[in-house]
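Structural characterization, general
In case you want the letters, here they are:
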Amino acid sequence: MRFLVAPLAMFGALFASACAQKAPTPATPSTTAIETPAATPDNTLVLQLSTGGPVRIQLRPDKAPNHVERIKTLTRQGFYNGLIFHRVIDGFMAQGGDPQGTGAGGSTLPDLKAEFNDLPHVRGVTSMARADQPDSANSQFFIMLMPTLRLDNRYTAFGRVLEGMQYVDALPKGEPPVEPGRIVRAYIEADGPNAPLQPAPPAATPAPAPAPAETPAAVENQTPKQ
């Protein structure tokens, strides 16, 4: 028996080594996720709100380059300074960016072609309002107060609030509010709050009369429209 122990022990060691070599490597749990690029001052919109601000919004040119460029262009022209949030629905979103303050206005620049993307309409996401046609976004935008994923792939999301969401939550509610909250000043962080404004180019042709604002009758059917 003494002579059998050593061979058996050696065989057991060799068998264990072979099994260890053949055993599959445990699968590593997937950590794949949608990575958000780091915010940069040139792609950070700052809204100083009448509710206390500032609200810092990371812009996403990697998802909606033309919409981000429009927001930056209008911001640098001073377009948004003083404009109200004319439609703020508790548990849904806060909409502004209309110089008429009614939901029917826009800038003199042409409407934008939709850039629907994979950014979900969760709390803090900033997206463009539009009329019935997908390619009708212009200057109006909305900030999500709560997740509303049915808006995904129907509206162009172009950023998300980094800081200051409490000032968005504090905007007076209503369609329109009795005393609306407003954008005291909007600027691109890289420019600073005191950057000189860029003049708006003259409109090549008179802007067409905007369509009247549409207000859905029921909360479950509400969508951000201009």
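Above this note sits the structure.
Quick caveat: nothing in here was measured; it's all calculated off a predicted structure.

**Some remarks on the overall build of the protein chain**
Along the protein chain, the regular secondary structure elements total three helices and eight strands. Reading the protein chain from its N terminus to its C terminus gives the helix and strand order α-β-β-α-β-β-β-β-β-α-β. The buried share among the 226 residues of the protein chain stands at 42%. Looking at the protein chain alone, contacts between residues at least 24 apart form 73% of all its contacts between residues at least 6 apart.

**Notes on the nonpolar core**
Counting residues in each nonpolar core, the largest one holds 30 residues, and the members touching the most others are Leu47, Tyr80, Phe141 and Val168. The set of elements that each furnish at least two residues to this core consists of strand E1 (44-49), strand E2 (55-59), helix H2 (65-76), strand E6 (141-144), strand E7 (157-163), helix H3 (165-169) and strand E8 (183-188). Counting 12 residues, the second largest nonpolar core, distinct from the first, contains Phe92, Met93, Leu119 and Leu151.

**With respect to the environment of Ile84**
Checked against the element boundaries, Ile84 lands in the loop between H2 and strand E3 (87-89). Owing to a relative accessible area of 15%, Ile84 belongs among the buried residues under this scheme. Through-space distance from the C-alpha of Ile84 to that of Gly181 is 5.7 Å; in sequence the pair is 97 residues apart. Look past the residues within four positions of Ile84 in its chain and what remains in contact with it is Gln95, Gly96, Gly97, Gly101, Pro180, Gly181 and Arg182.

**So, unusual backbone geometry**
In this chain, Gly53 is followed by Pro54 through a cis amide linkage whose omega measures -5°. Between Glu175 and Pro176 the backbone carries a cis peptide bond, its omega angle lying at 5°. Secondary-structure assignment places Pro176 in the loop between H3 and E8. You will see that Asn153, though not glycine, has its phi angle at about 60°, which is positive. Among the structural elements, Asn153 can be located in the loop between E6 and E7.

**Notes on the pattern of salt bridges**
One pass over the full model with this rule turns up 10 salt bridges. Residues Asp42 and Lys72 are paired through a salt bridge, measuring 3.2 Å at the closest nitrogen-oxygen approach. Within this pair, whereas Asp42 is found in the loop between helix H1 (2-22) and E1, its partner Lys72 is found in helix H2, the two being separated by 30 residues in sequence. A salt bridge links Lys113 to Asp135; its shortest N-O distance comes to 3.9 Å. With Lys113 in the loop between strand E4 (93-96) and strand E5 (125-128) and Asp135 in the loop between E5 and E6, this residue pair connects regions lying 22 residues apart in the sequence. Through salt bridges with shared partners, a single network forms among Asp42, Lys72, Arg76 and Asp191.

**Here we look at the sheet that holds E3**
Pairing is antiparallel in the open sheet, where eight strands are placed in the order E3-E4-E6-E5-E7-E2-E1-E8. Two strands lie at the open edges of the sheet, namely E3 and E8, each paired on one side alone. Across the sheet, the axes of successive neighbouring strands diverge by a mean angle of 20°, strand direction being ignored. Here E5 runs beside E7; their pairing, made up of three bridges, is antiparallel. If you follow Ser127 over to E7, its bridge partner there is Ala157. Sitting on the sheet, H2 touches E1, E2, E5, E7 and E8, and the angle it makes with E8 is about 120°.

Thresholds applied
- Residues numbered from 1 in each chain as written.
- Predicted model: local features only at pLDDT ≥ 70, side-chain atom pairs only at ≥ 80, totals over all residues.
- Heavy atoms only, no water.
- Helix = DSSP H or I, 4+ residues; strand = E, 2+ residues; numbered from the N terminus.
- Buried < 20%, exposed > 50% of the residue type's maximum accessible area, 1.4 Å probe, protein only.
- Contact = heavy atoms within 4.5 Å.
- Core = buried A, V, L, I, M, F, W, Y, C linked by side-chain atoms within 4.5 Å.
- Salt bridge = Lys/Arg side-chain N within 4 Å of Asp/Glu carboxyl O.
- Pairing = 2+ DSSP bridges.
- Axes fitted to C-alpha atoms, helices over the stretch in contact; angles between N-to-C directions.

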